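# Tertiary structure, described
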Amino acid sequence: MAPRCPRVRAGLLSLGLTLTACLTVPASATAATSASPAAPSAADTSSVAALTVEELRLDRAVPREILAASGFDTVAPELARRLGTAHSYAQARRVVVGEGSALWRRAVDRAQGRGPAGGELSRDDDRPLYWARLAMSRQVREWDSGFGLSEAQRAALIGDLERTSRGQADIRLPRGTKGLKRVLVTGFDPFTLDRDVRISNPSGASALALDGTVIETAQGPARIETAVFPVRWRDFAEGTVERTLRPYLRQVDLFTTVSQGRVGRFDVERTNGAWRGGFPDNENVSRTETVPVADPASQPQWTTTTLPYREIVAADTGRFPVYDNTSVTEIPAGGTAPVVRPDGPTAGSAARAGGGGDYLSNEIAYRATLLRDRLGLRGALPGGHVHTPVLQFGAGNTDPATGTVTDPEFVRNRLDIIAQVRALVAVAVAVSGAAG
């Protein structure tokens, strides 16, 4: 990603983070396989790839309305204009990296009150980033380069766009600043869009609101850097979580992955399981299998949080109650049927759901904490997963067929969730700093 402009992000923000919700998957869900992306090669036959399920949703009225109401409907046309000036793969890559980085900065700036709002949609909304990214990837996928762009090169351009527009290449942790804690927080895209295409994800909104900010805690200031992840099984199998987090876990004082979870409550997930339950992702693809990781021979069935969950639960962080969630679903040693264990897994059991379920929120928690442990940081680095409440529309605006894309209660709920994510992070940093 191209270097970003200097940011002034100090102070306390009443905005927030957002991640995907945990969902329980039927045991009968269909298993599927995923293929690794090929490296760019000029030997491939140039062709325009078919649009993805996510990109095809752009044809619906709601995504177009969200883009127009935020001013983000100009993003893809500008990318198209700039790609029209590219006469080689190298030039095209510079354009895509630059525009992807600019989209992330624009979304963060809008969420944090810098620059024009671009329309009547509230600034805390994460959806313009999601739909604008898809409009850009669709533009790259449909682009007729005129110079023989290979299929692998096109895929590589889309990969560059994904990383830069999600903030994954934009993590800037300050060094040498005495007394300043460094925190990494992640969120997710909206999901279950075929149920309601209007959906927003408070974990993604929180990531935009917190990126680059400095929050004050009882143990002093903490700088937060964030990134957003897709709701797609294949990206996780291809290592997007480990690739993004590995360079930074040794540099941070605390990390938390965040996603949307249960109605009316926050949960600090105590235990994460090595199992995919098969619920369809944003591409309508299912996976029912052990979480695929490097070196599977040493893969544990369970990982645990090192966040200070007792203190987080006890603190007054906002209007939603916060729980220490210890429940898991396992197949006991020697057994064949899944059993719910309210107090965590038993010795030798096989995971079927962590506290955060068996969807991608559980998986990001599992992958991040497994990476922490494999880097030898388990006893030194506080980290784990937090589920936010489900972001709900106001009463009378719950029907996707007739409802509006936003309403005052919807905005209030998202702002309250964001503010409470920020407060939870501040508590975790303060407690961990005091303990250290």
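Everything here concerns the structure above.
Presented here is a report on the structure given in the accompanying data block. Here, residues in each chain are numbered from 1, in the same order as that chain's written sequence. The predicted nature of this model means local features are confined to residues of pLDDT at least 70 and side-chain atom pairs, given and counted, to a pLDDT of 80 or more, with totals for whole chains, interfaces and linings taken over all residues. To obtain the side-chain values, all non-hydrogen atoms of the structure were used and water was disregarded.

### Regarding helix α7 (residues 202-210)
- Where burial is concerned, most of α7 is hidden: nine out of the nine residues are buried.
- Only protein chains enter the area calculation, which uses a 1.4 Å probe; residues under 20% of their type maximum are buried, those over 50% are exposed, and those in between are partly exposed. Secondary structure elements follow DSSP: runs of H or I no shorter than four residues count as helices, runs of E no shorter than two count as strands, and numbering proceeds from the N terminus. When we look at burial in α7, the residues that qualify are Pro202, Ser203, Gly204, Ala205, Ser206, Ala207, Leu208, Ala209 and Leu210.
- In the stretch just after α7, glycine 212 is the one whose phi turns positive, near 75 degrees.

### Brief notes about the pairing of strand β4 (residues 220-229)
- Burial analysis of β4 places nine of its 10 residues in the buried class, the great majority of the element.
- Relative to β4, strand β2 (residues 181-188) is paired through eight bridges, and the arrangement is parallel. When the sheet's bridge partners are listed, arginine 182 is paired in β4 with arginine 223.
- Strands were regarded as paired on the criterion that DSSP finds at least two bridges between them. Direction of pairing for strand β3 (residues 214-217) relative to β4: antiparallel, over a ladder of four bridges. By the bridge assignment for β4, threonine 217 is matched with glycine 220.
- Taking the residues between adjacent antiparallel strands as the criterion, β3 and β4 are bridged by two residues.

### A short note on the nonpolar core
- To form a nonpolar core, buried Ala, Val, Leu, Ile, Met, Phe, Trp, Tyr and Cys residues must be joined to one another through side-chain atoms within 4.5 Å. Residues Leu83, Trp131 and Leu157 are the most contacted members of the largest nonpolar core, which totals 42 residues.
- Broken down by secondary-structure element, the contributors of at least two residues to this core are α2 (61-70), α3 (75-83), α4 (89-111), α5 (127-142), α6 (151-165) and α7.
- With nine residues, the single largest contributor to this core is α4.
- If we skip the residues at most four places from it in the chain, leucine 157 touches Tyr89, Ala92, Arg93, Val96, Val140, Trp143 and Leu149.
- Within the second largest apolar cluster, 27 residues are counted, among which are Ile215, Ala222, Ile312 and Ile417. We call two residues contacting when some pair of their heavy atoms lies within 4.5 Å.

### A closer look at the pattern of salt bridges
- By definition, a salt bridge exists where a carboxyl oxygen of Asp or Glu is found within 4 Å of a side-chain nitrogen of Lys or Arg. Counted under the stated rule, the structure contains 36 salt bridges.
- A salt bridge links aspartate 59 to arginine 138; the nearest nitrogen and oxygen atoms lie 3.0 Å apart. One end of the pair, aspartate 59, is in the loop between α1 (53-56) and α2; the other, arginine 138, is in helix α5, and 79 residues separate them in sequence.
- On the basis of relative accessibility, which here comes to 44%, the residue aspartate 59 falls in the partly exposed class.
- Where arginine 372 meets aspartate 373, a salt bridge forms, and the shortest distance between an N and an O atom there is 2.7 Å.
- Accessibility expressed as a relative area gives 0% for arginine 372, which makes it buried.

### A few points about the sheet that holds strand β12 (residues 328-331)
- An order of β13-β12-β14 is seen for the three strands of this open sheet, with the pairing classed as antiparallel. In this open sheet, the two strands that pair with only one neighbour each are β13 (339-341) and β14 (350-353). Pairwise comparison of adjacent strand axes, ignoring direction, gives a mean angle of 40 degrees for this sheet.
- Summarising the sheet, β12 and β14 pair through three bridges and their orientation is antiparallel. Within β14, the position partnered with isoleucine 331 by the bridge is alanine 350. Every angle, taken between N-to-C directions, lies between 0 and 180 degrees, and every axis is a line fitted to C-alpha atoms, over only the stretch in contact when it is a helix.

### Description of the pairing of strand β15 (residues 383-388)
- Across the six residues of β15, six count as buried, placing the element largely inside the fold.
- Both strand β5 (residues 254-260) and β15 contribute to a ladder of six bridges, which runs parallel. Each bridged residue has a counterpart across the sheet, and for glutamine 260 the counterpart in β15 is threonine 388.
- With three bridges joining them, strand β6 (residues 266-269) and β15 adopt antiparallel strand pairing.

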